[in-house]
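Each chain is listed here by its residues.
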Amino acid sequence: MGAAMLFVILFHVWLPKSHMFYSLHKCGNVGVDMFLFLSGIGLWFSWTKNSKPSTLNSKLLSFYRRRLVRIYPAWLIIAALYYIPNYLNAPNGGYSPDIPNLIANIAVGWSFWRIDDLTFWFVPAIMMLYVFAPFYMMLIQKNEQWRWLPVVFLVWMVMVQYMPPVHAAVGHVEIFWSRIPIFLLGINCGELVRTAKCDDNLKAGTLILLLITFAMSLAMCMELEQHWRGRFPLFLERMVYIPLSVSAMLLLCQLFLRAPHWILRGLAFVGTVSLELYLIHIEFVYKKITQYHLGYCLNFLITFGVGLLLAWILHKVVSKITSKI
């Protein structure tokens, strides 16, 4: 998750299209898919940890409480800090045309669902996925055939794009629909990860297949970004993100097995505060320094460094508040 967060920040820092690394930089968007895949695996571990709760309701309550404590306090603080000034200072209230919309934006990121406000889109999206995740996990526990549901959502993506009534109703949140398959695949793989007993080193044939998958997916995404951007529906590239993100994570695992311990501890720390870092780094750091025209590398280093410090402070504050509650 720490590596995924780094990719996301690298993607968010602006780079001109004329730059030789432009298309590779745009592929940093795959960090979102990596995070969703890993979140799905983590949810499966959490759901199956207590195999015999007193009741299903208590299991659901415990599941939602843990998700709520982890996400909601940090979200409320940052959403209030952003949407209240936006309402007061932006023309016509910005993303909140009235007080009810302002309250809804702070509470659940309503403007994402209403008008595709991408400011903090990942948080309302992941909260929605968390709401339905337990029911999907119960389905696949009862009947393995439900593991094919990600394929159904691939078809749904085509419907969202090309069926006029569907597109008119929900096409504006395509960025949410196109990330559901990788999230469900993460849940599907949760049991494989939990019970797997295999060697750390991949077999030669598996490694070759992973390298081929990674190279093909990356080459296709770079081609789409460099030459075809604006001329194809975005969900097509996000479908290519699926093999790209999974192959990249498996290859990263091989690198991490051989990486120095301090690198692993550093990335683990970034992963620990990844939610807070996501909420802070663009609106509260990066957009504040772009006026100085510092260049890509300095913009990234400052955004990452200052954002990480602020994220750690927010994480500590929220932890103290929630522990007392």
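Here the structure is a predicted model, which means the values were calculated and not measured.

Here is what the cut-offs are and how they apply
- Residues numbered from 1 in each chain as written.
- Predicted model: local features only at pLDDT ≥ 70, side-chain atom pairs only at ≥ 80, totals over all residues.
- Heavy atoms only, no water.
- Helix = DSSP H or I, 4+ residues; strand = E, 2+ residues; numbered from the N terminus.
- Contact = heavy atoms within 4.5 Å.
- Polar contact = N/O pair within 3.5 Å; in protein donor to acceptor, adjacent residues only side chain to side chain.
- 1 Å grid on protein atoms, 1.4 Å probe; cavity = no way out; pocket = protein on both sides within 12 Å on 5 of 7 lines; lining within 4 Å.
- Points joined across faces, edges and corners; volume = space filled by probe spheres on them.
- Axes fitted to C-alpha atoms, helices over the stretch in contact; angles between N-to-C directions.
- Parallel < 35°, antiparallel > 145°, perpendicular 65-115°, else oblique.
- Left-handed = near helix turned anticlockwise from the far one by under 90°.
- Nonpolar A, V, L, I, M, F, W, Y, C, P; charged D, E, K, R; others polar.
- Patch = residues over 30% accessible without salt bridge, like charges linked within 9 Å, V, L, I, M, F, W, Y side chains within 5 Å.
- Areas by Shrake-Rupley, 256 points an atom, 1.4 Å probe, with all protein chains shown as cover.
- Salt bridge = Lys/Arg side-chain N within 4 Å of Asp/Glu carboxyl O.
- Core = buried A, V, L, I, M, F, W, Y, C linked by side-chain atoms within 4.5 Å.
- Buried < 20%, exposed > 50% of the residue type's maximum accessible area, 1.4 Å probe, protein only.
- Expected span 1.5 Å × (residues − 1).
- Bend = angle between axes of the 7 residues up to and from the residue.

Turning our eyes to something else, we now look at the environment of T48. Here T48 is to be found in helix α3 (residues 30-49). C-alpha of T48 to C-alpha of R194: the two residues are 146 residues apart in sequence and 9.7 Å apart in space. If sequence neighbours within four positions are ignored, T48 has contacts with Q141 and R194. Polar side-chain contacts of T48 include one of 2.8 Å to the backbone oxygen of W44.

A separate point is the layout of surface pockets. Of the pockets and cavities examined, the second largest pocket occupies roughly 470 Å³. In this structure, the second largest pocket is lined by 19 residues; those nearest its centre are F7, L10, L24, C27 and G28. Elements represented by at least two residues in the lining of the second largest pocket include exactly α1 (2-12), α2 (22-26), α12 (204-228), α13 (234-257) and α16 (296-324). Looking at which element gives the most residues to the lining of the second largest pocket, the answer is α13, with 5 residues.

This paragraph deals with the packing of helix α4 (residues 56-89) against helix α5 (residues 99-108). The interhelical angle for the contact between α4 and α5, taken along N-to-C directions, is 150°, at an axis separation of 7 Å. Between α4 and α5, the angle is such that the two are roughly antiparallel. α4 and α5 meet at a crossing whose hand is right-handed. Along the contact surface, α4 presents Y72, W75, L76, A79, A80, Y83, I84 and Y87, while α5 presents I99, L102, N105, I106, A107 and V108. Tallied by class, the residues present in the contact of α4 with α5 amount to 13 nonpolar, 1 polar and no charged.

Along the chain, I180 turns up in helix α11 (residues 180-195). In this structure, the C-alpha to C-alpha distance between I180 and G305, residues 125 residues apart in sequence, is 31 Å. Setting aside anything within four residues of it in sequence, one finds I180 in contact with L129 and F153.

Taken together, the side chains of F269, V306, L309, L310, W312, I313, V317, I321 and I325 present a nonpolar region at the surface, about 810 Å² in accessible area. No other element matches the 7 residues that α16 contributes to the nonpolar patch. Within the secondary structure layout, L310 lies in helix α16.

Within the largest apolar cluster, 83 residues are counted, with the highest numbers of intra-cluster contacts made by F176, F183 and L279. Looking at which element gives the most residues to this core, the answer is helix α7 (residues 122-142), with 12 residues. The residues touching F176, leaving out its near neighbours within four places in the chain, are F112, W113, A125, M128 and L129.

Three or four residues apart is the spacing at which side chains of an α-helix point the same way, because the helix has 3.6 residues per turn. Look at helix α15 (residues 274-289): 21 Å from first C-alpha to last across 16 residues, which is about the 22 Å you get at 1.5 Å a residue. H281 marks where α15 bends most, by close to 55°. Burial runs high along α15: 13 of the 16 residues are buried.

Here we take up α5. Along α5, the positions that sit buried rather than exposed are N101, L102, A104, N105 and I106. At its buried positions, α5 is contacted by α4 and α6 (110-115). At the C-terminal side of α5, G109 shows a positive phi close to 65°.

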